[in-house]
Amino acid sequence: MSRMPSVLFVCIHNAGRSQMAAAWLRHLAGDRIEVRSAGSAPASAVNPAAVEAMREVGIDMSAEVPKILTTEAVSESDVCVTMGCGDTCEVFPGKRYLDWKLDDPAGQGVEAVRPIRDAIRGLVENLIAEVDAAPTR
(Lines give C-alpha, C1' and ligand atoms only; values in the text may rest on other atoms or scores of the structure.)
Protein backbone atom coordinates (compact mmCIF):
# COMPACT_ATOMS: atom_id res chain seq x y z
CA MET A 1 0.00 0.00 0.00
CA SER A 2 1.43 3.38 -0.95
CA ARG A 3 1.30 6.31 1.40
CA MET A 4 0.34 9.91 0.76
CA PRO A 5 3.19 12.02 -0.72
CA SER A 6 4.47 14.88 1.42
CA VAL A 7 5.85 18.33 0.54
CA LEU A 8 7.76 20.70 2.82
CA PHE A 9 8.04 24.40 1.93
CA VAL A 10 10.91 26.27 3.59
CA CYS A 11 11.85 29.95 3.68
CA ILE A 12 13.74 31.94 6.28
CA HIS A 13 10.85 33.39 8.30
CA ASN A 14 8.03 30.99 7.34
CA ALA A 15 5.90 34.10 7.15
CA GLY A 16 5.30 34.71 3.45
CA ARG A 17 6.45 32.56 0.54
CA SER A 18 6.38 29.19 2.29
CA GLN A 19 3.04 29.93 3.94
CA MET A 20 1.48 30.98 0.63
CA ALA A 21 2.88 27.88 -1.10
CA ALA A 22 1.52 25.61 1.62
CA ALA A 23 -1.88 27.32 1.45
CA TRP A 24 -1.99 26.95 -2.35
CA LEU A 25 -1.03 23.28 -2.15
CA ARG A 26 -3.70 22.54 0.46
CA HIS A 27 -6.27 24.46 -1.60
CA LEU A 28 -5.41 22.94 -4.98
CA ALA A 29 -4.50 19.36 -4.01
CA GLY A 30 -6.96 18.83 -1.20
CA ASP A 31 -6.05 15.81 0.89
CA ARG A 32 -3.99 14.07 -1.85
CA ILE A 33 -0.69 15.57 -0.64
CA GLU A 34 0.51 16.13 2.92
CA VAL A 35 1.70 19.72 3.37
CA ARG A 36 4.29 21.17 5.76
CA SER A 37 5.97 24.56 5.97
CA ALA A 38 8.76 25.86 8.18
CA GLY A 39 11.46 28.47 8.49
CA SER A 40 15.10 28.50 9.52
CA ALA A 41 14.44 31.65 11.63
CA PRO A 42 10.65 31.87 12.02
CA ALA A 43 9.00 35.26 12.40
CA SER A 44 6.55 35.97 15.19
CA ALA A 45 3.59 36.13 12.78
CA VAL A 46 2.65 35.51 9.16
CA ASN A 47 3.11 38.56 6.92
CA PRO A 48 -0.23 40.46 6.91
CA ALA A 49 0.21 41.39 3.22
CA ALA A 50 0.57 37.70 2.36
CA VAL A 51 -2.55 36.89 4.39
CA GLU A 52 -4.47 39.64 2.57
CA ALA A 53 -3.21 38.61 -0.88
CA MET A 54 -4.34 35.03 -0.27
CA ARG A 55 -7.68 36.22 1.14
CA GLU A 56 -8.26 38.02 -2.17
CA VAL A 57 -8.25 34.64 -3.95
CA GLY A 58 -10.48 32.98 -1.36
CA ILE A 59 -7.82 31.29 0.77
CA ASP A 60 -7.77 32.04 4.50
CA MET A 61 -4.37 31.59 6.10
CA SER A 62 -4.99 34.03 8.95
CA ALA A 63 -4.75 31.26 11.57
CA GLU A 64 -1.32 30.06 10.36
CA VAL A 65 1.75 30.58 12.54
CA PRO A 66 5.42 30.40 11.56
CA LYS A 67 7.12 27.13 12.53
CA ILE A 68 10.78 26.23 13.05
CA LEU A 69 12.47 23.98 10.52
CA THR A 70 13.25 20.59 12.07
CA THR A 71 15.23 17.59 10.86
CA GLU A 72 12.08 15.53 11.39
CA ALA A 73 10.04 17.71 9.00
CA VAL A 74 12.68 17.27 6.30
CA SER A 75 13.12 13.53 6.87
CA GLU A 76 9.35 12.91 6.71
CA SER A 77 8.87 14.85 3.45
CA ASP A 78 9.26 13.47 -0.06
CA VAL A 79 9.84 16.88 -1.63
CA CYS A 80 11.54 19.84 0.04
CA VAL A 81 11.02 23.21 -1.65
CA THR A 82 13.30 26.01 -0.49
CA MET A 83 12.68 29.67 -1.20
CA GLY A 84 15.66 31.86 -0.44
CA CYS A 85 16.96 30.05 2.62
CA GLY A 86 20.26 28.82 1.24
CA ASP A 87 21.73 25.70 2.81
CA THR A 88 19.62 25.63 6.00
CA CYS A 89 17.67 22.58 4.86
CA GLU A 90 19.42 19.32 5.77
CA VAL A 91 19.85 16.97 2.80
CA PHE A 92 18.60 13.39 3.11
CA PRO A 93 19.12 10.68 0.48
CA GLY A 94 16.03 9.78 -1.53
CA LYS A 95 14.40 13.19 -1.16
CA ARG A 96 13.66 15.56 -3.99
CA TYR A 97 14.91 19.11 -3.47
CA LEU A 98 13.70 22.16 -5.39
CA ASP A 99 14.76 25.79 -4.96
CA TRP A 100 12.19 28.32 -6.13
CA LYS A 101 13.61 31.79 -6.86
CA LEU A 102 10.93 34.18 -5.65
CA ASP A 103 11.00 37.75 -4.37
CA ASP A 104 10.70 38.06 -0.60
CA PRO A 105 7.37 39.65 0.40
CA ALA A 106 8.75 40.81 3.77
CA GLY A 107 8.09 44.50 4.27
CA GLN A 108 6.07 44.72 1.04
CA GLY A 109 2.50 45.87 0.62
CA VAL A 110 -0.24 43.68 -0.83
CA GLU A 111 0.31 45.20 -4.31
CA ALA A 112 3.87 43.83 -4.36
CA VAL A 113 2.80 40.48 -2.88
CA ARG A 114 0.15 39.71 -5.53
CA PRO A 115 2.64 38.82 -8.29
CA ILE A 116 4.58 36.63 -5.83
CA ARG A 117 1.32 34.91 -4.85
CA ASP A 118 0.48 34.30 -8.51
CA ALA A 119 3.96 32.98 -9.32
CA ILE A 120 3.72 30.59 -6.38
CA ARG A 121 0.36 29.31 -7.64
CA GLY A 122 1.90 28.39 -11.00
CA LEU A 123 4.83 26.63 -9.35
CA VAL A 124 2.48 24.73 -7.02
CA GLU A 125 0.27 23.65 -9.93
CA ASN A 126 3.32 22.22 -11.70
CA LEU A 127 4.48 20.55 -8.48
CA ILE A 128 1.09 18.90 -7.98
CA ALA A 129 1.23 17.40 -11.47
CA GLU A 130 4.74 16.06 -10.80
CA VAL A 131 3.89 14.67 -7.35
CA ASP A 132 0.67 13.07 -8.62
CA ALA A 133 2.64 11.34 -11.39
CA ALA A 134 5.47 10.10 -9.13
CA PRO A 135 5.26 6.75 -7.33
CA THR A 136 5.20 6.96 -3.53
CA ARG A 137 7.45 4.93 -1.32
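The rules behind the values
Residues numbered from 1 in each chain as written. Predicted model: local features only at pLDDT ≥ 70, side-chain atom pairs only at ≥ 80, totals over all residues. Heavy atoms only, no water. Phe/Tyr/Trp six-rings, centres within 6.5 Å; stacked < 30°, edge-to-face > 60°. Helix = DSSP H or I, 4+ residues; strand = E, 2+ residues; numbered from the N terminus. Buried < 20%, exposed > 50% of the residue type's maximum accessible area, 1.4 Å probe, protein only. Pairing = 2+ DSSP bridges. Axes fitted to C-alpha atoms, helices over the stretch in contact; angles between N-to-C directions. Contact = heavy atoms within 4.5 Å. Polar contact = N/O pair within 3.5 Å; in protein donor to acceptor, adjacent residues only side chain to side chain. Parallel < 35°, antiparallel > 145°, perpendicular 65-115°, else oblique. Left-handed = near helix turned anticlockwise from the far one by under 90°. Nonpolar A, V, L, I, M, F, W, Y, C, P; charged D, E, K, R; others polar. Expected span 1.5 Å × (residues − 1).

You'll find the protein entered in an unreviewed UniProt entry as Arsenate reductase ArsC, with Streptomyces litmocidini given as the organism.

S.K.: What's the story with the packing of aromatic side chains in this structure? I'm lost.
M.R.: Each aromatic ring pair is specified by the distance between its two centres and by the angle formed by the two planes. According to the stated counting rule, one finds one aromatic pair in the structure shown. Note on phenylalanine 9 and tryptophan 100: the rings are 5.8 Å apart at their centroids and 50 degrees apart in plane angle, and the pair reads as tilted. Residue phenylalanine 9 is found in strand E1 (residues 6-11), and its partner tryptophan 100 is found in the loop between strand E4 (96-99) and helix H4 (110-133); the two are separated by 91 residues along the sequence. The class of phenylalanine 9 is buried, set by a relative accessible area of 0%. With relative accessibility at 8%, the residue tryptophan 100 sits in the buried group.

S.K.: Help me understand the sheet that holds strand E2 (residues 34-39), please; the structure alone is not making it clear to me.
M.R.: Hydrogen bonding along the main chain pairs the strands of a sheet, whether they run parallel or antiparallel. Spatially, E2-E1-E3-E4 is the arrangement adopted by the four strands of the open sheet, whose pairing is parallel. Across the chains shown, the open sheet's two edge strands, defined by having one partner strand only, are E2 and E4. Ignoring strand direction, the axes of neighbouring strands in this sheet form an average angle of 20 degrees. Pairing geometry for E1 and E2, over six bridges, is parallel. Looking at E2, one finds that valine 10 is bridged to alanine 38. H4 contacts E1, strand E3 (79-82) and E4 of the sheet and is inclined by roughly 150 degrees relative to E1.

S.K.: Whenever I open this one, helix H2 (residues 48-56) confuses me. Can you help?
M.R.: Think of an α-helix as 3.6 residues a turn; residues three or four steps apart then line up on the same face. Listed in full, the buried residues belonging to H2 are Ala49, Ala50, Val51, Ala53 and Met54. At its buried positions, H2 is contacted by helix H1 (17-29) and H4. The residue sitting at the N-terminus of H2 and contributing the capping side-chain oxygen is asparagine 47; that oxygen lies 2.7 Å from the backbone nitrogen of alanine 49. Trailing H2 by a residue or two, glycine 58 shows a phi angle of about 85 degrees, which is positive.

S.K.: Mind showing me how you'd approach the packing of H2 against H4 here?
M.R.: Two packed helices can be described by the angle between their axes and the distance between those axes. Running from amino to carboxyl end, H2 crosses H4 at an angle of 60 degrees, the nearest separation of the two axes being 9 Å. With respect to each other, H2 and H4 are oriented oblique. Our pair here, H2 against H4, has a crossing hand that is right-handed. Counting all contacts with H2, which are made through Ala49, Ala50, Glu52, Ala53, Met54 and Glu56, the residues of H4 involved are Val110, Val113, Arg114 and Arg117. Counted by class, the contact of H2 with H4 contains six nonpolar, no polar and four charged residues.

S.K.: Help me understand H4, please; the structure alone is not making it clear to me.
M.R.: A rise of 1.5 Å per residue sets the reference length of H4, with its 24 residues, at 34 Å; its end C-alpha atoms lie 34 Å apart and thus fit the reference within 8%. Buried within H4 we find Val110, Val113, Ile116, Arg117, Ile120, Val124, Leu127, Ile128 and Val131. Where the residues of H4 are buried, they touch E1, H1, H2, E3 and E4.

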